[in-house]
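A look at the structure
This is what each chain is made of:
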Amino acid sequence: KPAPLGAVEVKQVPRVSSGNNLQIQPGTHQRGDPSPGASSRGRVAGRSASRTRQPTVPSMFNGVLGPRTPTPVQFPILPGSKNAVPAPWSTKNSRWEELSRRHGAPKTQAAMREFIDATTKLMTEVPSSKDAGAVLRKALSLSESLFGKVHEDTLKAVNNYALYLELRGGKPEETKSLYMRAIEGRRRLCGYQDVATLDSMFNYATFLAKIGEDGQSEMMFMDTRTGSVKEMGLNHHASLECTWASMILLEKKGDDDEALRLAQEHIAYLDTDLGPNHPDTVKTLVLTATIMTVRANPDSTPEKIIKFVKDVLRRNTQVHGVADEGSSTLGYNLAVFMVNHEQEQEGIDQLKELLETCEKDNGVENSATLGYMEDLATLLLEALERPKEAAPYLRKLVDARTKVLGPGHEDTLRVGRLLATCIDPEEAVAVYRTIVKHQAEVSGLDDAQTLEDRYQFSIRLYEAKQTDECIKEISSVMTKLETNLGFGDNWVVNCATKLGELYRIKADYEKAEALFRRVVQHFQARLAGELESTDEDDEDEDMMKQDVADSSFNLALTLLQSGKNREAEEYFQISLSHFQLHLEQGGEEIRINTKKMLAKAIEAQGAHRLVDASALWEEVAADATVILGKSHPTTLEVEDHCSEISAIVRHKIVNRELPKQELDPPLSSGPTVRAG
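Residues numbered from 1 in each chain as written. Predicted model: local features only at pLDDT ≥ 70, side-chain atom pairs only at ≥ 80, totals over all residues. Heavy atoms only, no water.

Considerations on the nonpolar core
Grouped together as the largest cluster of nonpolar side chains are 126 residues, with contacts concentrated most on L379, L394, M478, L499 and F572. It is helix 14 (residues 367-383) that contributes the most residues to this core, ten residues altogether. Membership of the second largest hydrophobic core comes to 33 residues, among which are M112, F115, A162 and L163. (Core = buried A, V, L, I, M, F, W, Y, C linked by side-chain atoms within 4.5 Å. Buried < 20%, exposed > 50% of the residue type's maximum accessible area, 1.4 Å probe, protein only. Helix = DSSP H or I, 4+ residues; strand = E, 2+ residues; numbered from the N terminus.)

A few points about the pattern of salt bridges
Two side chains that carry opposite charge are able to pair once their charged atoms sit near each other. All told, the structure shown has 43 salt bridges when counted by the stated rule. Put simply, D199 and R186 hold a salt bridge, and the shortest N to O gap is 3.8 Å. Separated by 13 residues along the polypeptide, D199 in helix 6 (residues 195-210) and R186 in helix 5 (residues 172-190) bring together distant segments of the chain. With its nearest N and O atoms 3.2 Å apart, the salt bridge here joins E359 to K396. A residue pair is termed long-range when its members are at least 10 positions apart, and E359 in helix 13 (residues 344-362) and K396 in helix 15 (residues 387-405) qualify at 37 residues. Counted as one network, the salt bridges with shared partners bring together R225, E258, R261 and E265. (Salt bridge = Lys/Arg side-chain N within 4 Å of Asp/Glu carboxyl O.)

Notes on helix 22 (residues 541-561)
Think of an α-helix as 3.6 residues a turn; residues three or four steps apart then line up on the same face. Taking 1.5 Å per residue as the helical rise, helix 22 with its 21 residues ought to reach 30 Å, and the 31 Å between its terminal C-alpha atoms agrees with that figure. The buried fraction of helix 22 is high, at 17 of 21 residues. Among the residues of helix 22, the N-terminal cap falls to D540, whose side-chain oxygen and the backbone nitrogen of D542 are separated by 3.1 Å. Positive phi appears at G563, one or two residues downstream of helix 22, with a value of about 90°. (Expected span 1.5 Å × (residues − 1). Polar contact = N/O pair within 3.5 Å; in protein donor to acceptor, adjacent residues only side chain to side chain.)

Some thoughts on the confidence of the model for the protein chain
Any region with low pLDDT has predicted coordinates that should not be read closely. Per-residue pLDDT for the protein chain has a mean of 79; in total, 78% of the residues score no lower than 70. Per-element mean pLDDT across the protein chain ranges from 67 in helix 1 (residues 94-103) up to 95 in helix 17 (residues 425-443). Counted against residues more than four places away or in other chains, residues 1-93, with its pLDDT under 50, gives 302 contacts. Low pLDDT (under 50) marks residues 661-676, which in the prediction has 31 contacts with non-local residues, meaning those over four places away or in another chain. (pLDDT = per-residue confidence, 0-100. Contact = heavy atoms within 4.5 Å.)

Set out below in structure tokens:
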């Protein structure tokens, strides 16, 4: 499958899904299907469809269906820390202007201390104003003048300005420098385990995680946790915050055992000290349960894990409600875990129950309700391959998100793409027509994502037998892609293959042949090492040989239909010689069908090739009898034709229209399976 042209941003309001891999794989479309969800491979059972690798519809699961991982902690640890989620960035806030005017330029240490305390308080309330930067820089500069660079009030101003820069974004090195200055200064003045020191350490660890420096962030969180446990106790909220953040980072790098070990240190005391339904108890259990559904746990049975997770889910819904992010993430992970462990219907029923409760409590247009609905639909579609059951949920999702978010929102469009894989071709054409219209309005007609949608739209037109419009659409897409990417890109090759098939359907063999020749030449050059590809599959030699086999078959079929039988024979032989049986579902039947087409090409060349054709028909009949069975339609068809051509050959020999010696050398098309 070619790499996606443009990534669809994975967003689910209000949650973001994860690409972590468990055992479930999505309903991937086999190589050679004319489109995602196709029911036939084309070459099987004598049908004359081209064989090509088609791109899959963009999926919210990015190719792998698995559980979600925990969301990073965003709660305050200590007084003066990140106490507020920043509001949308504003250009101006009168409270910062008022604060600056009221305090002016403090002349005394007491006035300076009052000014810094006022900026700290306001940072917790309106940190997102651009005015804050100037005021915080002013506080830091004046504090350095009055107190010096290493003073508790100056370091508070340093910490505040670093937090502002973090929220503002764009200056990571300066932000790092300020946080390290605050930490080193507070360690020197107050000690390693002072609340103020731990506060700056927590802020710095959070910032490192935000910019992707997970290793340094994990070390800083663990150091902060050690100090917090010694200073305030194991189950103090600050210690728990550090534990939660550390667990998330440990899980992210795959160290689930250490993450669960940290949780176990707290769980033994939380129920007793805080109570079973205290928010801190529940949050620790939710993180623990989430990790247990993600990892393969050799120390516990699936039944025990399911029982534990169900209990944690019950507690979280009691404390925070079914619409809470912890409930939705854990509910989805539990369903996936149950499906993975042969409890498919139980997992689906679990998710349905959560969806029904959330819809009853919050309404169908609530973001959490829609999240549960998409979870359920995707699980049915991708994991269990039950599109008919998924379709009603996806229709409901499209309607709700169109109403709430608008028809051009990425979430609306993403769900529409999923819906198109579940419904009949005519309805899918209408769905994709709408998707292309709104995606083009958002990003332009020639944008990568729009082109991908236009390609998928053309596939739906093909399935709906709207050939003329399909040719027009896919020709336009191919022209644009080839201009930008060159013919060697897999998307362009797929367009060429599909377009060639369409021309062959319309009996425009000249155009079909020209396109298929380009495709064959491309794959042969790549197999010979003359071309490079960015697709990982293309680096596999067996896969490259199979591409040559598929494209050669398509060209040979076109040549046969246009009467160029000798050249058709050549390319059918190339297809057989490169065919990789282990890569193809139903590979034996495909190979038998290819031999059958080869026999037809030889037979069509005239009386001088009838003996060769007869020998090959007998070979095909023997293969079909062993592999497909005596009563299979293909076997019966081949045996009937074999009898007919044998009778013709005998008649011509008797009448001396063929020399007798031509019966001796049989034509071999490669290894054959024979009865006995």
